[in-house]
Amino acid sequence: MDADLLRSDLAALYPQFGLRVAHAGTVLVAPTDEELLELAEIVGEPGGIVEPGREGELLGWPSDTGRDAARRFVEWAWRLREAPGAARWRAPLAVLDGGRALGLAVLAHELDDPAGTVRTSSWLARADQGRGLGRRVRLMLLELAFGHLHATRAVTGAAEGNGASRRVTARCGYRETHRETGADGVVEVHAAITPAAWRKRRLTDVDVEGVDAFLAALDG
Ligand SMILES: CC(C)(COP(=O)(O)OP(=O)(O)OC[C@H]1O[C@@H](n2cnc3c(N)ncnc32)[C@H](O)[C@@H]1OP(=O)(O)O)[C@@H](O)C(=O)NCCC(=O)NCCS
């Protein structure tokens with residue numbers, strides 16, 4: 001079945017499958033299993049996302065590769081598939097560029113987040129990093145959150161040594177809020193942005209679809 005037809009059938013039950021954010025050839029949509037398998041291949045590849053050996057520090061993932069890593073990723077993504085509600089919703093979105101799935105971004109509101117706060121996280125295949133796509137994806141997520149889902153604050157976090165992620169965060173207008181040292185000794189730098197700060201960096205011509213049904217689900 002065509003991926004977009006499958007998404008529109010799934011959207012009748014799970015409205016996150018109806019969300020679509022597009023800008024300049026980059027599209028964010030809920031991944032089908034076929035797209036999850038494409039992403040799992042990147043996850044399983046040694047050095048597919050970060051330099052080998054830095055998975056724990058930069059991603060908080062075990063450093064194994066191959067089938068175990070791929071399977072862990074797919075199971076994690078499947079666990080995010082739940083009907084969204086006011087208390088918690090998670091929208092994993094595949095980053096499609098030129099028709100290929102080359103990364104995953106998650107926009108979410110978790111149980112312990114204050115009302116109106118959303119969090120973002122994302123990764124791209126290493127071969128596609130460093131050409132501005134990470135910043136574009138972040139601004140597309142903020143367009144969805146602030147421009148359409150009525151969020152009032154967005155937060156994110158990255159390991160202190162994650163130069164690219166922290167640079168994207170800073171360039172989008174976030175401010176550091178606090179630092180936290182994990183049990184593994186890695187210092188996580190947390191940052192937040194308001195709609196007013198985002199508006200100064202807002203992308204033009206972002207096309208967003210599927211918001212009404214998603215918002216209706218959050219209202220119960
Ligand atoms: C974080 C990530 C999504 C950013 O995407 P990207 O496409 O590489 O980002 P961009 O090209 O838009 O921007 C990267 C910026 O960081 C800068 N940068 C890259 N490596 C850097 C480093 N080691 N130290 C400081 N800055 C760095 C780039 O120069 C660029 O800055 P500029 O816009 O001023 O030129 C991507 O690098 C990634 O997937 N990394 C691995 C997964 C990951 O760490 N995810 C975040 C987990 S919290």
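As a reminder, the structure under discussion sits directly above these lines.
The rules behind each value
Residues numbered from 1 in each chain as written. Predicted model: local features only at pLDDT ≥ 70, side-chain atom pairs only at ≥ 80, totals over all residues. Helix = DSSP H or I, 4+ residues; strand = E, 2+ residues; numbered from the N terminus. Expected span 1.5 Å × (residues − 1). Core = buried A, V, L, I, M, F, W, Y, C linked by C-beta atoms within 7 Å. Buried ≥ 20, exposed ≤ 12 C-beta atoms within 10 Å, placed from the backbone. Contact = placed C-beta atoms within 7 Å. Near = placed C-beta within 6 Å. Pairing = 2+ DSSP bridges. Right-handed = clockwise from strand over helix to strand, strands pointing away.

(A) Spatial organisation of helix α5 (residues 133-148). If you check α5, its first and last C-alpha atoms are 21 Å apart, about what 16 residues at 1.5 Å a residue would give, namely 22 Å. Positive backbone phi, approximately 60 degrees, marks H150, located one or two places after α5.

(B) Quick look at the nonpolar core. L39, V95 and A145 are the most contacted members of the largest nonpolar core, which has 48 residues in total. Listed by contribution, the elements that provide at least two residues to this core are β2 (26-29), α2 (33-44), α4 (66-79), β3 (89-97), β4 (100-109), β5 (117-124) and α5. Counting residues per element, this core draws most heavily on α5, which supplies 7 residues. Once residues lying within four places of it in the same chain are set aside, the contact partners of A145 are L107, V118, A151 and A154.

(C) Broad picture of the environment of E82. Mapped onto the fold, E82 is located in the loop between α4 and β3. Classification of E82 as exposed rests on a count of 12 C-beta atoms within 10 Å.

(D) Highlighting unusual backbone geometry. Although it is not a glycine, A24 adopts a positive phi angle of roughly 45 degrees. At D205, a position not held by glycine, the phi torsion is positive, near 60 degrees. Secondary-structure assignment places D205 in the loop between α7 (195-199) and β9 (207-209).

(E) Representation of the site of the ligand within the structure. Around the ligand, a shell composed of 23 residues is seen, among which Q129, G134, R135, G163 and R167 lie nearest. Of all the elements in the fold, those that place two or more residues in the shell around the ligand are α3 (55-59), β5, α5 and α6 (163-171).

(F) Seen up close, the pairing of strand β6 (residues 153-159). Judged by how many residues are buried, β6 sits mostly within the fold: 5 of 7 residues are covered. For β5 and β6, the ladder comprises 3 bridges, and the chain directions are parallel. Opposite T117, over in β6, you have R153 as the bridge partner. For the crossover that starts at β5, traverses α5 and ends in the parallel β6, the hand is right-handed. As paired strands, β6 and strand β8 (residues 187-193) are joined by 6 bridges and run antiparallel to one another. The partner of A158 across the bridge, within β8, is V189.

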